[in-house]
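Spelled out, the chains give:
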Amino acid sequence: MNLKKSYVFLFLVVAHFCYSQSVIGKWKTVDDESGKEKGIVEIYEKDGKIYGKIIEILEAEHRSKKCTLCEGSDKNKPILGMTFIKGLTKDGNEYNGGKILDPKNGKLYKCYITLEEKDKLKVRGYIGISLLGRTQYWYRVKK
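Residues numbered from 1 in each chain as written. Predicted model: local features only at pLDDT ≥ 70, side-chain atom pairs only at ≥ 80, totals over all residues. Heavy atoms only, no water.

Asker: Teacher, can you tell me more about unusual backbone geometry here?
Answerer: If a residue is not glycine, its phi is most likely negative; likewise, a peptide bond is most likely trans. Positive phi is not limited to glycine here, since D47 has a value of about 55°. Relative to the elements of secondary structure, D47 occurs in the loop between β2 (37–46) and β3 (49–57). Phi is positive for N76, which is not a glycine, with a value near 65°. Inspection of the secondary structure assignment puts N76 in the loop between β3 and β4 (83–91). (Helix = DSSP H or I, 4+ residues; strand = E, 2+ residues; numbered from the N terminus.)

Asker: Where do I start with the environment of T29 in this structure?
Answerer: Positionally, T29 belongs in strand β1 (residues 25–30). As a C-alpha pair, T29 and V41 span 12 residues in sequence and 7.0 Å in three-dimensional space. Once residues within four sequence positions are removed from consideration, T29 is found in contact with K36, E37, K38, G39, V41 and W138. (Contact = heavy atoms within 4.5 Å.)

Asker: Is there a simple way to think about the nonpolar core in this case?
Answerer: Side chains of a nonpolar character, in soluble globular proteins, are inclined to be buried together. Counting residues in each nonpolar core, the largest one holds 23 residues, and the members touching the most others are I43, F84, I113, L121 and W138. Those elements that place two or more of their residues in this core are β2, β3, β4, β5 (94–102), β6 (107–117) and β7 (120–126). (Core = buried A, V, L, I, M, F, W, Y, C linked by side-chain atoms within 4.5 Å. Buried < 20%, exposed > 50% of the residue type's maximum accessible area, 1.4 Å probe, protein only.)

Asker: Which parts of the structure should I look at to understand the packing of aromatic side chains?
Answerer: The description of an aromatic ring pair uses the distance of the two centres, along with the angle that the planes make with each other. All chains considered together, the criterion is met by 3 aromatic pairs. Their ring planes at 35° and their centres at 6.1 Å tell us that F84 and W138 sit as a pair that is tilted. With F84 in strand β4 and W138 in strand β8 (residues 133–140), this residue pair connects regions lying 54 residues apart in the sequence. When its relative accessible area of 7% is taken as the criterion, F84 is described as buried. (Phe/Tyr/Trp six-rings, centres within 6.5 Å; stacked < 30°, edge-to-face > 60°.)

Asker: Just checking my understanding: could you explain the layout of surface pockets for this structure?
Answerer: To find leftover empty space, one rolls a probe the size of a water molecule over the atoms. For the largest pocket, the calculated volume is near 810 Å³. Forming the walls of the largest pocket are 32 residues, and the residues nearest its centre are L101, D102, P103, K104 and Q136. Contributing elements (two or more residues each) for the lining of the largest pocket: β2, β3, β5, β7 and β8. For the lining of the largest pocket, the per-class residue count stands at 15 nonpolar, 7 polar and 10 charged. (1 Å grid on protein atoms, 1.4 Å probe; cavity = no way out; pocket = protein on both sides within 12 Å on 5 of 7 lines; lining within 4 Å. Points joined across faces, edges and corners; volume = space filled by probe spheres on them. Nonpolar A, V, L, I, M, F, W, Y, C, P; charged D, E, K, R; others polar.)

Asker: Just to check I follow, could you spell out the environment of E117 for this structure?
Answerer: In this structure, E117 sits in strand β6. C-alpha separation for the pair E117 and Y139, spaced 22 residues apart in sequence, amounts to 9.5 Å.

Asker: I keep staring at the sheet that holds β2 and nothing clicks. Help me out?
Answerer: Within a sheet, adjacent strands bond to each other through the backbone by hydrogen bonds, running parallel or antiparallel. The 8 strands are arranged β1-β2-β3-β4-β5-β6-β7-β8 in a closed barrel whose pairing can be described as antiparallel. In this sheet, neighbouring strand axes are inclined to one another by 30° on average, regardless of whether the strands run parallel or antiparallel. (Pairing = 2+ DSSP bridges. Axes fitted to C-alpha atoms, helices over the stretch in contact; angles between N-to-C directions.)

Asker: Explanation requested: the state of the cysteines in the structure shown.
Answerer: Between two cysteines, a covalent bond joining their sulfur atoms is known as a disulfide. By the definition in use, this model includes 1 disulfide. One disulfide in the model links C67 with C70; its S-S distance is 1.7 Å. One quick way to see it: the torsion about the S-S bond of C67 and C70 is about 55°, and its sign makes the bridge right-handed. With respect to class, C67 is no different from C70; both count as buried. (Disulfide = S-S within 2.5 Å.)

Listed below in structure tokens is the structure:
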């Protein structure tokens, strides 16, 4: 009986460790130019791909803004609630192969994300090659 309890405990510890090492979860975004905290993004998995949705905007004056410069199905959609990271797939320690939308200018960029630390996420949007782009660091929201 004690052996069963040990296995259950070990399983729970491993499951917690694996979950905490995942990009899945809620992240506080920090603007790379101003250093200001901007919002909360929920990163989730759907059909084997990674997506990111804006679930909170910290600056009250921006909460009702729409993506007026976006094209296609995102045109004039509210930024709050928008899925702006789309279709990343796991490639080693990195998630890439998808796109990230910048609601400020309405442009789509190639994107990759990777965990720098357990609670620090590197998010890079770029044009062409990854040298031509911007990097932000986001921080895991503690429950």
